[in-house]
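Okay, here's what each chain looks like letter by letter:
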Amino acid sequence: MTALSHASIIGVIGAGTMGAGIAQVAAHAGHDVWLYDVAPQAVERGINQVTQGLDKLVGRGTMSATDKDDLLARLKPASELSQLADCALVIEVIVEKLDVKQNLFAQLEDICGPETILATNTSSISVTSIASGLKHPNRLVGMHFFNPAPIMKLVEVVSGLATTQDVASCIYDTATAWGKHAVYTNSTPGFIVNRVARPFYAEGLRIYQEGGADFVTIDTVMRECGGFRMGPFELMDLIGHDVNYAVTNSVFDAYYGDPRFLPSLVQKELVNAGRLGRKTKAGFYDYHEEAETQQISDHGVVDRSIDRVKISGNCTAVQGLVDLLEKTDGLHLDIDEDVNYPAQIQIGNATMMLCDGRFATVRSRDEGIENLIHFDLALNYSLTPRIVLAKSIQASEDALKDAIVLFQLLGKKVNVIEDIPGLIVMRTLAMLANEGADAVFQQVCTIEDVDIAMKGGVNYPLGPMQWSDQVGLATIFDTLQGLGQSYGEDRYRISPLILKTVAAGQSFACLSKKR
Ligand code: NAI
């Protein structure tokens, strides 16, 4: 089955935040669209919302006034559900309640012809459950857009137990024809994005709860070193803690209390306090007009000269940093890659290593490395304006100064945080990749689709699977193993897919396959 033709009429039911946006996407692609809502004013409001958005595009010169008028002419208000009888596809975008959705689809089965594809935009209800009461559950599929629908690229095409591959492929191809990046997923809790993204929030919350770093530091590091558009705390404040906490709880419950998805007491307290984020002007941050902006506090400049850097070990995970060191004037580099351990960068008294999921203090003792200073992962060591360091308890203050001075020489701001397992970016990436790997292992989706979903649904700078390959899957494995040892919790258990892939000396890319 290929994409629906432009002549196909699309029905959108529910004209709220998502429905209006989805109707706009379909009309933009050239379809006639019926927009229906149980609340009569909602349709008018939805069409006004679309019109205002398009006016902005015309104002900016990215859309012509004629194209805007044509698009709006294709977007028609429906006052009766029966007007959707001729639709080739009806997308349900109503309230997130199973019985209400089931009831609506039962009505649609009586109104629409047997060929009509029925789609749901649900973000948390099982597609299988929604379809269960239908006469023809095979034609019901999830078509999960992201907010705001006209802008976000991703559509998750969700197959329930009964959904036929023909129906899923048609929606996949249609979403692609509408300019979206489509991915296939099975109907499992959180689908891809809302499942794989949990550690983005959860690890940040944990680091904060354990006093590893304050939330301003974690946010800044995730943006500047990790390349994410927003840090976890500012993003949770934007989404609303009530919403984000509810999603975490629903995924946790849906996986029968798997500790991977354990909700955070810190977030629960914010919800208890009514500090829901931007919408209540208080969350982690204070959004009142008179509030002072909270700043990250960088380490002061260390005045000390260095010229000789010795690097030994396998540099794969830190190649970007080694390249940068090689390009830096005034440094004499002595590199020995013929030894089989993760790269050690020696400067003055300090031995610096990329963190590996253990406390630097424990690693220093276990491996007999003196003056060990951990540094965090960066998406791009050349471009990152800052770097995070943590000192093992045994290391001298003098060694820490040597490490700081090296990064300051490279033009980086330095933040020294507590000695915590996996630091900030490394730990988050390892857990994102671990969750992505489990989704693949459990046949929910493919490796590529994890990356497409996380880039298109939540704007990650790089897919976690591709990023892990760049760092080296063995390093991700070591980090997870270290986290497991440090915490002794099932939350950090390593995905069997990573275990097996690392044992084979392979990368995620070796496992890539299109469904
Ligand atoms: P909303 O509350 O903004 O809009 C829902 C609309 O559905 C309202 O206008 C309401 O009057 C209408 N409605 C309720 N029951 C109806 C019925 N029986 N028949 C016809 N219309 C009915 O909700 P929103 O945020 O647009 O969410 C809608 C769906 O999209 C939910 O399933 C939600 O989980 C999902 N979703 C929401 C996202 C978001 O960021 N808001 C993102 C992705 C999915």
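Residues numbered from 1 in each chain as written. Predicted model: local features only at pLDDT ≥ 70, side-chain atom pairs only at ≥ 80, totals over all residues. Heavy atoms only, no water.

Peer 1: Is there a simple way to explain the site of the ligand in this structure?
Peer 2: For the ligand, the set of nearby residues contains 22 residues, the closest of which are Met 18, Asp 37, Glu 96, Lys 101 and Ser 123. Here an oxygen atom of the ligand sits 2.6 Å away from a polar atom, N or O, in the side chain of Asp 37. Between the ligand and Ser 123 there is a distance of 2.8 Å, counted from an oxygen atom to a side-chain nitrogen or oxygen. Look at the ligand: alone it shows 830 Å² of surface, and the protein chains cover 73% of it. Its residues assigned to classes, the shell around the ligand shows 11 nonpolar, eight polar and three charged. (Near = heavy atom within 4 Å. Polar contact = N/O pair within 3.5 Å; in protein donor to acceptor, adjacent residues only side chain to side chain. Areas by Shrake-Rupley, 256 points an atom, 1.4 Å probe, with all protein chains shown as cover. Nonpolar A, V, L, I, M, F, W, Y, C, P; charged D, E, K, R; others polar.)

Peer 1: Just to check I follow, could you spell out the side chain of Glu 435 for this structure?
Peer 2: Relative to the helices and strands, Glu 435 is located in helix H16 (residues 425-441). The residues contacting Glu 435, other than those within four sequence positions of it, are Arg 195, Val 196, Pro 199, Arg 260 and Phe 261. (Helix = DSSP H or I, 4+ residues; strand = E, 2+ residues; numbered from the N terminus. Contact = heavy atoms within 4.5 Å.)

Peer 1: Sorry if this is basic, but what is going on with the sheet that holds strand E11 (residues 344-347) here?
Peer 2: The strands that make up a sheet pair up through hydrogen bonds in the backbone, lying either parallel or antiparallel. Within the open sheet, the seven strands sit side by side as E10-E9-E11-E12-E13-E14-E15. Their pairing is mixed. For this open sheet the edge positions go to strand E10 (332-336) and strand E15 (413-417), each flanked by a neighbour on one side alone. Put simply, the sheet's adjacent strands are angled 25 degrees from each other on average, direction ignored. Both strand E9 (residues 308-312) and E10 contribute to a ladder of five bridges, which runs parallel. Each residue of the ladder has a partner; that of Ser 312, found in E10, is Asp 336. (Pairing = 2+ DSSP bridges. Axes fitted to C-alpha atoms, helices over the stretch in contact; angles between N-to-C directions.)

Peer 1: I'm lost on helix H4 (residues 98-111) in this one. Help?
Peer 2: In an α-helix, one turn spans 3.6 residues; hence positions three or four apart end up facing the same way. End to end, H4 covers 20 Å across 14 residues, agreeing with the expected 20 Å (1.5 Å per residue, within 8%). Buried within H4 we find Lys 101, Leu 104, Phe 105, Leu 108 and Glu 109. Relative to the axis of H4, the buried residues are bounded by an arc of 145 degrees and lie together on one face. When the buried face of H4 is taken as reference, the exposed residues oriented beyond 90 degrees from it are Asp 99 and Asp 110. Looking at the buried residues of H4, the elements they touch are strand E1 (10-13), strand E4 (89-92), strand E5 (117-120), helix H5 (127-131) and strand E6 (140-145). (Expected span 1.5 Å × (residues − 1). Buried < 20%, exposed > 50% of the residue type's maximum accessible area, 1.4 Å probe, protein only. Arc of directions from axis to C-beta.)

Peer 1: How do you make sense of the domain arrangement of the protein chain when you look at a structure like this?
Peer 2: Accessible area lost upon the coming together of the parts is a frequently used measure of interface size. The assigned domain composition of the protein chain is domain 1 (10-187), domain 2 (195-280) and domain 3 (308-416). Put simply, the middle of domain 1 and the middle of domain 3, counted by C-alpha atoms, are 51 Å apart. (Domains from an automatic or database assignment.)

Peer 1: Even after reading the chapter, I still don't get the layout of surface pockets, so can you show me in this structure?
Peer 2: Regions of empty space are outlined by a rolling probe, equal in size to a water molecule, passed over the atoms. Considered as a void within the structure, the second largest pocket measures approximately 400 Å³ in volume. Asn 314, Pro 342, Ala 474, Thr 475 and Asp 478 are the residues nearest the centre of the second largest pocket, which is lined by 26 residues in total. Elements that contribute at least two residues to the lining of the second largest pocket include exactly strand E12 (350-354), helix H19 (473-487) and helix H20 (496-503). When grouped by side-chain class, the residues that make up the lining of the second largest pocket number 12 nonpolar, 10 polar and four charged. (1 Å grid on protein atoms, 1.4 Å probe; cavity = no way out; pocket = protein on both sides within 12 Å on 5 of 7 lines; lining within 4 Å. Points joined across faces, edges and corners; volume = space filled by probe spheres on them.)

Peer 1: Help me out: how do you make sense of unusual backbone geometry in this one?
Peer 2: Keep in mind that most residues, glycine aside, have a negative phi and that most peptide bonds are trans. The residue after Asn 147, namely Pro 148, is reached through a cis peptide bond having omega 0 degrees. You can see Pro 148 is positioned in the loop between E6 and strand E7 (154-159). Of note in this structure, Asn 371 is not a glycine but carries a positive phi near 50 degrees. Structurally, the position occupied by Asn 371 is in the loop between helix H14 (360-367) and strand E13 (372-375). Using a relative accessible area of 16% as the deciding quantity, one classes Asn 371 as buried.

Peer 1: Can you help me understand the environment of Gly 113 in this one?
Peer 2: With respect to the helices and strands, Gly 113 occurs in the loop between H4 and E5. For the pair Gly 113 and Ala 85, spaced 28 residues apart in sequence, the C-alpha to C-alpha distance is 6.9 Å. Not counting the four nearest positions on each side in its chain, Gly 113 is found in contact with Ala 85 and Arg 139.

Peer 1: How should the packing of aromatic side chains be read in this particular structure?
Peer 2: Each aromatic ring pair is specified by the distance between its two centres and by the angle formed by the two planes. In the structure shown here, the tally under the stated rule is 18 aromatic pairs. Taking 5.7 Å as the distance between ring centres and 35 degrees as the angle between the ring planes, the aromatic pair formed by Phe 200 and Tyr 460 counts as tilted. Of the two residues, Phe 200 sits in helix H8 (residues 198-209) while Tyr 460 sits in the loop between helix H17 (447-458) and helix H18 (464-471), which places them 260 residues apart along the sequence. Judged by relative accessible area, Phe 200 falls into the buried class, the value being 2%. Using a relative accessible area of 7% as the deciding quantity, one classes Tyr 460 as buried. Between Tyr 208 and Phe 233 the ring centres are 5.6 Å apart and the planes differ by 65 degrees, which places this aromatic pair in the edge-to-face class. On the criterion of sequence distance, the pair formed by Tyr 208 in helix H8 and Phe 233 in helix H10 (residues 232-239) is long-range, its members being 25 residues apart. (Phe/Tyr/Trp six-rings, centres within 6.5 Å; stacked < 30°, edge-to-face > 60°.)

Peer 1: Would you mind going over the packing of H16 against H19 with me for this structure?
Peer 2: Two numbers describe a pair of packed helices, the interaxial angle and the distance between the axes. Between H16 and H19, the shortest axis-to-axis distance is 9 Å and the interhelical angle comes to 100 degrees. With respect to each other, H16 and H19 are oriented roughly perpendicular. For the pair H16 and H19, contact is made by Met 426, Arg 427, Leu 429, Ala 430, Met 431, Ala 433 and Asn 434 and by Thr 475, Ile 476, Thr 479, Leu 480, Leu 483 and Tyr 487, respectively. Residue composition of the contact of H16 with H19, by class: nine nonpolar, three polar and one charged. (Parallel < 35°, antiparallel > 145°, perpendicular 65-115°, else oblique.)

Peer 1: I'm lost on the state of the cysteines in this one. Help?
Peer 2: Where two cysteines share a covalent bond between their sulfur atoms, that bond is called a disulfide. The full count for this structure, using the stated rule, is zero disulfides. Take Cys 87: it sits in no disulfide, and the sulfur closest to it among the cysteines is that of Cys 112, at 6.2 Å. Looking at Cys 510, it has no disulfide partner, and the nearest cysteine sulfur is the one in Cys 445, 18 Å off. (Disulfide = S-S within 2.5 Å.)

Peer 1: I would appreciate a short explanation of the pairing of strand E14 (residues 386-391) in the present structure.
Peer 2: Regular strands have side chains that alternate between both faces of the sheet. Most of E14 sits out of view: six of its six residues are buried. A two-sided burial pattern is seen for E14, the buried positions comprising Arg 386, Val 388 and Ala 390 on one face and Ile 387, Leu 389 and Lys 391 on the other. Relative to E14, E13 runs antiparallel, the two being bridged by three bridges. Paired with Phe 375 across the strands is Leu 389, a residue of E14. Bridge analysis of E14 against E15 gives five bridges, and the strand direction is parallel. Paired with Leu 389 across the strands is Val 416, a residue of E15. Chirality of the crossover, the property in question, places the unit of E14, helix H15 (residues 397-409) and E15 among those that are right-handed. (Right-handed = clockwise from strand over helix to strand, strands pointing away.)

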